[in-house]
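A closer look at the structure
Now for the letters of each chain:
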Amino acid sequence: MSGTFKRLAWVLGGLVAAIAVASIQSGTDAANLTKAGAYCIALVGLSFLTGWSGQISIGNSGFMLVGGYSAAFWTLHHPGEPVAISMIVAIAVSAFVGLIIGMPATRLRGPYLAGMTLAFAVALPYVPQSFAVSTLGGSQGLTITPLSAPQWFFNLFDTNNTLPVVINSRFTAMVSVVIAALVLWLMSNLFTSKTGRAMRLVRDNDVAAELVGLHLGRTRAQAFVLTAALSGLAGALLVMVSGTASPSTYEFGFTFSIALLTLMVLGGIGSLSGAIIAALLGVYSLQITTWITDHTGLGPDSWVSAKLPNLAPNMENILFGILLIVTMIFAPRGIVGLATGLRQKLISVTRR
Amino acid sequence: MIANILTNRIVNDIAGGTAQGVIIGLVALCLVLVWRATRVLNFAQGPMAMFVTYIGMTQMDHHANFWVAAAISVAVGFIFSALTEIVIVKPLYHKAEINPIVVMVGMFTLLEAVASAVWTNIPRYPTAPFSSINFQSEGNPTGLSPLSTFQIGAALAIMTLVAILFNYTSLGLKLRASALAPEVSKLLGIRVGRLLTLGWGIAGAVGAVAGVVISLNPGGLAPNMLDAMFILGFIAAAIGGLDSPLGALVSGIVIGVVMQLINDYWNSNYADMVAVVLLVVVLMLRPQGIFTKNSTRRV
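Residues numbered from 1 in each chain as written. Chains lettered and ligands numbered in written order. Predicted model: local features only at pLDDT ≥ 70, side-chain atom pairs only at ≥ 80, totals over all residues. Heavy atoms only, no water.

Turning to the interface of chain B and chain A, a few remarks are in order. The partner chain A presents 42 residues to the 47 residues of chain B that form the contact. Summed over both partners, the interface of chain B with chain A comes to about 4000 Å²; 78% of that surface belongs to carbon and sulfur atoms. Inspection of the chain B/chain A interface yields zero salt bridges. Run the count over chain B and chain A and you get one residue pair in polar contact (both at pLDDT 80 or more). Among the elements that line the side of chain B that touches chain A, the one with the most residues is helix α5 (residues 98–119) of chain B, at 16 residues. A per-class count over the side of chain B that touches chain A returns 33 nonpolar, ten polar and four charged. (Contact = heavy atoms within 4.5 Å. Buried area = accessible area lost by both parts, 1.4 Å probe. Salt bridge = Lys/Arg side-chain N within 4 Å of Asp/Glu carboxyl O. Polar contact = N/O pair within 3.5 Å; in protein donor to acceptor, adjacent residues only side chain to side chain. Helix = DSSP H or I, 4+ residues; strand = E, 2+ residues; numbered from the N terminus. Nonpolar A, V, L, I, M, F, W, Y, C, P; charged D, E, K, R; others polar.)

Put into structure tokens, the structure is as follows:
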């Protein structure tokens with residue numbers, strides 16, 4: 001596919017997705033898609049860091065927290081200003097935090113880096129909880145007016161007396177999907193740009209990268225700033241939609257960092273389409289788990305669940321844990337890697 | 001005079017902090033053992049220790065005595081960790097260095113979920129054969145209790161055992177050789193693969209001791225009981241240098257004491273953050289840790 005055609009395909013795909021999203025009937029699906037958009041942005045950020053610059057982070061929930069709080073803080077103190085400004089502020093602040101965390105990170109190898117970012121993600125929720133309680137709201141967090149659909153959107157879609165709530169979640173889903181599509185498009189351009197090539201070289205062979213004159217530390221730090229900025233945008237998006245940023249928000253805790261890593265690996269490290277698949281997987285994981293348990297005789301009515309009443313709520317994590325281990329050992333390139341492999345096999349069979 | 005010192009607030013904090021610090025050091029030691037043997041940072045160290053502690057300690061419900069239960073935990077810890085190495089870590093040597101990290105993160109998720117499914121999230125409190133009431137000096141409490149003395153003693157005893165094993169026995173020499181120079185060791189007829197498995201097993205047993213000791217803390221035995229401890233253990237191991245067992249112990253104790261002082265004089269919520277800041281500062285100044293001499297790395 002040529003470059004222009006590819007770009008056009010992205011834009012068209014984004015438009016189609018937006019229209020499809022805007023006409024979704026179920027409010028739950030619309031709310032899920034809103035989340036999926038944000039997850040997709042965070043996943044692209046992490047996937048870029050790991051797949052394209054070779055660094056690993058288990059601390060991206062920390063950057064999401066920074067972004068979310070910055071957006072909420074800015075909105076509280078500048079009411080009436082456009083939402084986009086809050087988002088930009090969130091991106092800027094989390095990029096700055098990413099720079100601070102990225103500086104030691106540039107000198108660290110994989111495991112040290114992973115551990116350090118994990119420690120960052122674990123400790124960060126304590127900041128709004130116990131420092132600056134008056135400005136950041138302590139364990140209550142910050143509350144803002146959530147994003148709501150403008151009048152023209154109501155006029156467009158309120159054809160058969162749909163509930164305003166549903167129209168609202170359709171609107172947020174559309175906003176979130178459009179932003180995600182924009183991010184995907186920008187990242188696909190970055191992947192083929194000079195910076196993208198430089199990062200790949202740093203990942204694959206840092207000695208060679210230094211020999212051709214690349215500054216290793218700076219390239220790694222750039223990748224960290226970018227992943228932090230994208231995570232911050234995702235966090236801000238979640239907060240603008242839900243209206244709250246609190247230390248106990250699921251996406252701001254270190255368990256979500258682990259979930260992000262899991263989803264990224266399952267989708268396919270370093271792949272944009274993998275990030276889309278992974279985001280949907282993350283949002284619908286509970287439904288998928290229920291479907292699997294119902295079809296394998298492990299559901300709530302089975303004998304296993306009768307013996308272990310606590311099994312059902314933990315089934316999701318058990319499955320994801322097993323999947324993560326199995327994927328990494330047998331299919332390290334995730335779902336996208338499997339699909340590509342299958343397609344190539346099919347091509348070679350048909351050509352024979 | 002002596003009584004005054006024993007009940008002094010700072011001295012109490014240092015004593016209590018040391019008790020927690022040696023446990024942090026013990027967790028750090030597990031990470032160092034696995035790292036030295038196989039260059040894998042075991043992110044599932046906490047849940048693995050938690051899991052085998054549950055297996056041993058729940059035997060107390062079936063009228064096993066504390067020491068028997070602890071021994072079961074340690075034995076299962078050894079076997080479980082060695083099996084983990086054989087089944088899921090071995091296929092990943094010589095792959096990208098993020099692969100084992102991701103696999104151990106998967107193990108983390110899996111074990112905590114299974115433990116929560118089998119034993120629920122409600123903490124259990126194994127009855128220790130020691131009192132947790134602090135020793136008294138002229139009517140005032142000192143910083144240590146029979147229980148915390150036992151915890152310090154157990155941790156130090158295990159560390160001494162590991163040090164003797166690695167430094168003064170021929171098995172220890174082989175273990176070090178296969179970790180540091182696997183190719184040469186292979187040529188000299190050492191079965192490197194088996195020794196790496198053994199290294200994981202030893203780390204698992206040490207982890208089980210840490211798990212048993214921590215399950216006697218006020219938090220009790222719970223599926224996520226080692227999460228915070230793992231982070232602190234990692235911070236201690238990274239500050240000391242992932243290659244240095246002594247560094248793990250020393251920085252573990254320092255972190256324990258510093259956190260206890262922050263808890264007492266400032267705010268308990270700040271303790272974790274101060275530990276992370278400490279880590280970032282040390283890693284910025286000396287990325288290889290304080291107690292490691294060389295900074296070479298494998299390419």
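Let's shift gears to the packing of helix α2 (residues 9–38) of chain B against helix α10 (residues 227–240) of chain B. All names here are of chain B. Orientation of α2 relative to α10, taken along the N-to-C sense of each, is 75 degrees, at an axis distance of 8 Å. Compared by their axis directions, α2 and α10 come out roughly perpendicular. Between α2, through Q20, I23, I24, V27, A28, L31 and V32, and α10, the contact on the second element is made entirely by M229, F230, L232, G233, F234, A236 and A237. (Axes fitted to C-alpha atoms, helices over the stretch in contact; angles between N-to-C directions. Parallel < 35°, antiparallel > 145°, perpendicular 65-115°, else oblique.)

The subject of this paragraph is helix α6 (residues 146–168) of chain B. Residues and elements named next belong to chain B. Look at α6: 32 Å from first C-alpha to last across 23 residues, which is about the 33 Å you get at 1.5 Å a residue. Where α6 is concerned, the buried positions are L147, S148, F150, Q151, I152, A154, A155, I158, M159, V162 and F166. Residues of α6 that are buried in the fold lie against α2, α4 (66–89), α7 (170–180), α9 (192–215) and α11 (245–265). (Expected span 1.5 Å × (residues − 1). Buried < 20%, exposed > 50% of the residue type's maximum accessible area, 1.4 Å probe, protein only.)

What follows deals with helix α14 (residues 272–283) of chain A. The end-to-end C-alpha distance of α14 of chain A is 17 Å, a good match for the 16 Å that twelve residues give at a rise of 1.5 Å each. Those residues of α14 of chain A lying buried are L272, G274, A275, A278, A279, L281, G282 and V283 of chain A.

It is worth spelling out the domain arrangement of chain A at this point. All names here are of chain A. When the domains of chain A are assigned, the result is domain 1 (3–283) and domain 2 (284–352). Just the C-alpha atoms count here: the centres of domain 1 and domain 2 sit 25 Å apart. Listed per partner, the contact involves 17 residues of domain 1 and 14 residues of domain 2. Interface area, domain 1 with domain 2, both sides summed: about 1200 Å², of which 68% is carbon and sulfur. The largest per-residue losses of area from domain 1 upon contact with domain 2 belong to V265, L266 and L281, which jointly make up 41% of the total buried on that side. Counting across the domain 1 and domain 2 interface gives zero salt bridges. Taken together, the links from domain 1 to domain 2 amount to eight residue pairs in polar contact (both at pLDDT 80 or more). Listed by contribution, the elements that provide at least two residues to the side of domain 1 that touches domain 2 are α2 (27–53), α13 (254–267) and α14. For the side of domain 1 that touches domain 2, the class distribution of residues is eight nonpolar, eight polar and one charged. (Domains from an automatic or database assignment.)

This part takes up the nonpolar core. Core analysis: the biggest nonpolar cluster contains 190 residues, and I41 and V44 of chain A together with F43, M104, V206, I235 and L279 of chain B have the highest contact counts within it. The two domains that each donate at least three residues to this core are domain 1 (3–283) and domain 2 (284–352) of chain A. The residues contacting V44 of chain A, other than those within four sequence positions of it, are V183, L184, M187, L230, L272 and A275 of chain A. (Core = buried A, V, L, I, M, F, W, Y, C linked by side-chain atoms within 4.5 Å.)

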